[in-house]
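Chain by chain, the residues:
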Amino acid sequence: MRRCPDTARSSRRSLLLTAAAASLGLPAVAQTGAWPGGRPLRIVVPYGPGGFTDVTARLVAQQLQQRLGVPVNVDNRPGANSILGVDQVAKAAPDGSTFAMVIAAYAANTTLYPKLPYDPRRDLTGVSLVGLSPLVAAVNNDAPFKNAKELVAYAKANPGKVSFGSSGNGSAAHLTTELLKAQTNTFMVHIPYRGAAAALADLVGGQIQLFLDAAQGLIQPGRAGRVRLIGVAADKRLAVLPDVPTFVEQGFKDFTGSTWAGLLAPAATPKEVVQRVADEVGRIVQTEEMRQRLEAMGTVPVGSGPADFNNFIDAETRKWAAVIQRAKVVPD
């Protein structure tokens, strides 16, 4: 999904941007020129500070500010599994000053909450998929399985004896493990927590045996030997965890699951503004500095364009809708 525009495509985009800007009464700007109108940007993070979404948003905001020459502020608006913050962006003026940084829960919420206060397809549009963070399976050190094959074999032989944690019903950790259960025809017991930290603490303590989560929160516990990392839910190993095999390598070819971070904008935001931000994000995530910082978090840099990100959201929505309906998942 990485953008690899050739010179001709880039030139056409610059011409379209210039023409569109003129028609809107905005200054005609080159791809790396001044930001139209000089308005500050706000990136709404629908979660509290310090987590995966917030850290990614701040990394992007810092670089966007330098490239656009205007302040780019991160605004944490947590609540209702990201719905409150996303709703603010859906209802914001579509003037190119307001964006949201969302994760996989955004796609799952479409099915989890039939009566959302916004319509994801009508009120919002994708800007750029910043990066993918495949989930990593961590198990308690005393668990009677040391790799993915042993986990599945044990779960099949002992239905209900493996308990797995998540940061809440409908979270990426929950849905990805439900996908694993469905694909392997196993029965494991879900224990929802209020946040990943509590789930990890009980994993270390032995109250649960399995926890799939973004690598960011599991890298250090794994390296310190507090938990055992047995698999990555992706088709390629993570650069930050080169010794942890994927589930695909271990014989589970269809099992992949990730959280991700991407920018949204109000649907009526001018297309040339959306494209400009997407282009800048694409450049940002391909810099060596940003690649290293994202990969250190267990995130694979992407930097897609708007159309690709919208298609990705649609695919994620369908994927997790099937899991939610099959497992009869309901929100907390």
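Our structure's up above, just so we're on the same page.
A few points on the structure. Not measured: the values here are computed from a predicted model.

**Description of the pairing of strand β4 (residues 124-139)**
Judged by how many residues are buried, β4 sits mostly within the fold: 16 of 16 residues are covered. Where β4 and strand β9 (residues 258-266) come together, nine bridges link them in antiparallel fashion. Of the residues in β9, the one forming a bridge with Thr125 is Ala265. Two strands pair when backbone bridges link them, and β4 and strand β10 (residues 300-301) are joined in this way by two bridges, in the antiparallel orientation. Bridging across to β10, Leu132 finds its partner in Val300. Strand direction decides the pairing type here: β4 and strand β7 (residues 210-214), joined by five bridges, are antiparallel. The residue bridging Val139 from the neighbouring strand is Leu210, located in β7. Sheet topology note: the β4/strand β8 (residues 228-232) ladder contains four bridges and is antiparallel. Pairing of Val139 across the sheet is with Arg228, part of β8.

**Overview of the nonpolar core**
Counting residues in each nonpolar core, the largest one holds 33 residues, and the members touching the most others are Ile43, Leu64, Met101, Val127, Leu263 and Val277. At the level of secondary structure, the elements contributing two or more residues to this core comprise β1 (41-45), α2 (52-68), β2 (72-76), β3 (98-102), β4, β9, α10 (271-285) and α11 (288-296). Apart from residues lying up to four places away in sequence, Val127 is in contact with Phe99, Leu263, Leu264, Ala265, Val274, Val277, Ala278, Ser304, Gly305, Pro306 and Phe309. Counting 29 residues, the second largest nonpolar core, distinct from the first, contains Ala148, Leu151, Phe164 and Phe255.

**Structural notes on the packing of helix α4 (residues 105-112) against helix α12 (residues 306-327)**
Where α4 meets α12, the closest approach of the two axes is 8 Å, and the angle between their N-to-C directions is 50°. The pairing of α4 with α12 is recorded here as oblique in orientation. The two elements α4 and α12 meet at a crossing, and its hand is right-handed. Across the interface between the two elements, Tyr106, Ala107, Ala108, Thr110, Thr111 and Leu112 from α4 touch Ile313, Glu316, Thr317, Trp320, Ala321, Ile324 and Gln325 from α12.

**Considerations on unusual backbone geometry**
With a phi angle near 55°, Ala80 is a residue other than glycine that sits in the positive phi range. With respect to the secondary-structure elements, Ala80 resides in the loop between β2 and α3 (83-90). Exposure remark for Ala80: the relative accessible area of 46% places this residue in the partly exposed category. For Ser82, which is not glycine, the phi torsion reads 85° and is therefore positive. Under the relative-accessibility criterion, Ser82 is labelled buried at 2%.

About the thresholds
Residues numbered from 1 in each chain as written. Predicted model: local features only at pLDDT ≥ 70, side-chain atom pairs only at ≥ 80, totals over all residues. Heavy atoms only, no water. Buried < 20%, exposed > 50% of the residue type's maximum accessible area, 1.4 Å probe, protein only. Helix = DSSP H or I, 4+ residues; strand = E, 2+ residues; numbered from the N terminus. Pairing = 2+ DSSP bridges. Core = buried A, V, L, I, M, F, W, Y, C linked by side-chain atoms within 4.5 Å. Contact = heavy atoms within 4.5 Å. Axes fitted to C-alpha atoms, helices over the stretch in contact; angles between N-to-C directions. Parallel < 35°, antiparallel > 145°, perpendicular 65-115°, else oblique. Left-handed = near helix turned anticlockwise from the far one by under 90°.

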